[in-house]
Each structure stands twice: as C-alpha cells, then as structure tokens.
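So the chains spell out like this:
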Amino acid sequence: MRKNWYRLDTAALIFPAVARKDWCNVFRVSATLTEPVDPAVLQRAADDLRERFPSFFVALRRGFFWYYLQEVPGVTVRPDYAYPLVFMSRREVRNCGLRVLYYKNRIAVECFHSLSDGHGGSVFLLNLVARYLALKHGADIPAEGPIRDLGETPPPEELEDSFLRCAAETAASRAEERSCRLRGHREPDGFKHLVTGIVETDALLDAAHRYGVSVTAFLAAVMVQCVMEMQDEAVPKKRQCPVKITVPVDLRRLFGSRTLRNFSLVLNLGVDPRYGDYTLEELCSAIYHQMRAQATPQTMAGMIAANVQPQQVTALRLAPVFLKNLVMDLVYRRSGEGGGSLNLSNLSGVTLPEAMRPYVERLEFIIGPQRSYPNNCSVLSCGGRTYINMIRNIRESELERRFFSRLVELGLAVDIENNGRE
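Residues numbered from 1 in each chain as written. Predicted model: local features only at pLDDT ≥ 70, side-chain atom pairs only at ≥ 80, totals over all residues. Heavy atoms only, no water.

**With respect to the overall build of the protein chain**
Line of reasoning, step 1. Of regular secondary structure, the protein chain possesses 14 helices and 15 strands.
Line of reasoning, step 2. The C-alpha radius of gyration computed for the protein chain amounts to 21 Å, which stays within 12% of the reference 22 Å derived for 422 residues, consistent with globular compactness.
Line of reasoning, step 3. Across its three principal axes, the protein chain shows a C-alpha extent of roughly 60 × 55 × 40 Å.
Line of reasoning, step 4. Within the span of the protein chain, comprising 422 residues, buried residues form 56% of the whole.
Line of reasoning, step 5. Pairs at least 24 apart in sequence give 77% of the contacts found in the protein chain among residues at least 6 apart.
Line of reasoning, step 6. Just so you have it, the protein chain exposes about 18,600 Å², and 52% of that area is on carbon and sulfur atoms.
Line of reasoning, step 7. Positive and negative side-chain charges in the protein chain, numbering 53 and 48 respectively, have mean positions lying 8 Å apart. (Helix = DSSP H or I, 4+ residues; strand = E, 2+ residues; numbered from the N terminus. Rg over C-alpha atoms; globule rule 2.2 N^0.38 Å. Buried < 20%, exposed > 50% of the residue type's maximum accessible area, 1.4 Å probe, protein only. Contact = heavy atoms within 4.5 Å. Areas by Shrake-Rupley, 256 points an atom, 1.4 Å probe, with all protein chains shown as cover. Lys, Arg positive; Asp, Glu negative; His and termini not counted. Charge placed at Lys NZ, Arg CZ, Asp CG, Glu CD.)

**Notes on the packing of helix H8 (residues 215-234) against helix H10 (residues 280-294)**
Line of reasoning, step 1. Relative to each other, H8 and H10 sit at 125°, their axes nearing to 8 Å. Classified by the angle their axes make, H8 and H10 are oblique. Handedness of the H8/H10 crossing: right-handed. Residues Thr 216, Ala 217, Phe 218, Ala 220, Ala 221, Val 222, Val 224, Gln 225 and Met 228 of H8 form the contact with H10, whose participating residues are Leu 280, Leu 283, Cys 284, Ile 287, Tyr 288 and Met 291.
Line of reasoning, step 2. Looking at the contact of H8 with H10 residue by residue, the class counts come to 13 nonpolar, two polar and no charged. (Axes fitted to C-alpha atoms, helices over the stretch in contact; angles between N-to-C directions. Parallel < 35°, antiparallel > 145°, perpendicular 65-115°, else oblique. Left-handed = near helix turned anticlockwise from the far one by under 90°. Nonpolar A, V, L, I, M, F, W, Y, C, P; charged D, E, K, R; others polar.)

**Points about H8**
Line of reasoning, step 1. With 20 residues, H8 extends 29 Å from end C-alpha to end C-alpha; this agrees with the ideal 28 Å at 1.5 Å per step.
Line of reasoning, step 2. Within H8, 16 of the 20 residues are buried, which leaves it mostly tucked inside the rest of the structure. (Expected span 1.5 Å × (residues − 1).)

Put into structure tokens, the structure is as follows:
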C-alpha cells in the first residue's frame, strides 16, 4: 500500500520557513488552446491525474520536527481571476498547494514551490492538457516524451529526492558578494504587473549565435547591461555593486534523474562594473563561460552538499520546526537571494507532443517576484515563438522598457502584451 504523505525534498524545505504574509514562492505554467476551455471536462481531466501524479495533489502540513506533504482527495478547478500568481496564503497551502485555473482559452497550473519546480510543473500541465483533449475531442496522444500512461503506477524515481543521491562529500561555500538590487514603490494591494515580450524563436537563436552563446546567456547579458545602465544613473561607480542574474540550472540532465519534484539549483552570473565598462559582446562571453564552468556535475554536487549536509546535523534534526524556521530564515536572508539582482529562468526543453499541436497555440512559464527583489523574468518557447514574461510587484516599469527596447535595437521584432494596469 502506497503511503499518502511525503517528506519535503531538500530544496522544498526552505519555502515554508521563509514564506511571509506578502510573499509565497509560487510559479505558473499555462497552455492557451485554440478554443474556449470547458470547465467540466477540465475538472474530469484533473481528477484523472490524481493517481498518476500524487505528489502534486498534496497539502503542506506542519509536524513537530519538519513540514511534510499530505495527499488530498483532489483539486477543484477554478476560474482564473485578478492577476497571475495571486498570493497563496498559508491557509490555502494547508488545503492544497496546487491550483488548476481556466480563463477563456487558457488552462493554467499554479504550484507552491515545495511541490515541484518548473520542469515538474510543465510535465504535469502537459499531461493535464493531454487528458483534457482526450476527453474533449478523443485525441489520441501517445505516452511518450513528457506524456505519461495514466494507468501505470508512479515509478519511485519520479518521487525521489534526487538531491540526497547526488550530493558530494564536501560542501561548496555559500559565500558571495551582494549584488545590485533594484528598488521601487510596492503595489499596496499586491498586484503583480506582467509584461510579455513575444519574439520569433529562430530570430532569437540567430541573435544569440551571433555572439557565440546560448539564448539563456544572451538574454542574461542583455539584462545585466540594462541593470548596469540603471545603476550608473543612480550610483557613483565606486559605490556600485556587482550585477548578476540568477539562472536556475535543471540538474536532471547532469545526474540522470527522472524526478518530478524539485531538482534544480541556481547560479549567479554577471560582472562587477567597478572594474570597468563592458560591451554586450564581453558580457555575453563572460556569462556564457561562467555558466559552462559552473554547471558541471562536480560543482553542482558540491552545491547540493551545502544544502543536504545541514539536514544531517543532529542538533538541527532534533530541533522543533519553529527553531528550524528561524535558522533557515536567517540563512536565506544572508545568502538565499543576496547574490543576484533578479532571476532569469528559461524553461528550455519543453516539447509539445505532435498530436497536441493542432489544439495548443502557446505555452508560458511565469515565476513570481522574490522575497527581497521586485523583478523577475521567465522564458519558454513553443510553436516557433518565445514568450519572455517579466513580472514585478512595483509600479516602476523601467527595467522592462530598457530590456525590450534593447532587444529591438539588436534587430529583434518584439510584440508586447501586458495585464492592463499601466
């Protein structure tokens, strides 16, 4: 008999400890269909995924020593409302850490980060949409690639905490100089501004290849350049901070993992403007080679160990959860976000199955603002177009204006969408 609860994976432990009244780490993946969504069919599709993806249908519970995830009977699909990533309260997470939402042609899944990461969320979304299309249109979508056989038992490797298996014996240092941080006037009602830039994927690839780098490195370099310009206008050179973009790395390819739970780490990539000025070509080269040098199994294993080893300290293991929360909150404030100026998360490798393409117009990925900085950026490509979602919880839109204007200056045609409060 399968147990109906799960230990939080190594990455998931931090999120309940550092959540605040105005911040809860949630991400969104969504699919826009070619026709309006039928809510009743979507509810049936969500119900049908319950047994195959049990680690998504869970609520956060608090034990004496640790938080854990408890399976729940299911999730009720709801109309999408307000704005993306509405605050997920502790009460809501205690009922279920998963939302399934619909609006016109769009199906969206919002997930509390203790359940999974962007890769796991995208697999869940694609299976939800595949089941919806099978029920609605009788679509024959084979169980291959990201699509799973809903009749099979979830394999143990999909539910494992891969961090525990892949940690090195020696932990890497967490020490890192604090990066430049953007500021602004917070929206008092928690509203999150979303600005989406849509570019042709081939054109974006060509632009990145002109600089000899990947799309992620290219976009990160352009973002660094924009933040450096903003810092130049606000702070004398000698008082400036490094400008680094936090880039998540999916560890599944490096370590051969199939887990659908969290299995990614972040790298802070960028430069220190106090040492001199940089051209975009120099920024591209610096960020690309930093990424190549650090995203190796050996370096990542050391970083994993830095997260795994504290769990094995006897005093911390025996401490009650409220003391663990205090310790993890202190560690997070000192090193969790200090090394980066903002995130740029490229959910590359998401492939829409051939049988689903006639029904799906676009896929998107959105991460929310972090606890201590107001801007974030997430990227996903689908159907020959790349969707660059820039989100913020402040009124000022200067970063988006500079970033998308710079892409246009570099020869990319950018279509802009926003969620209306401008």
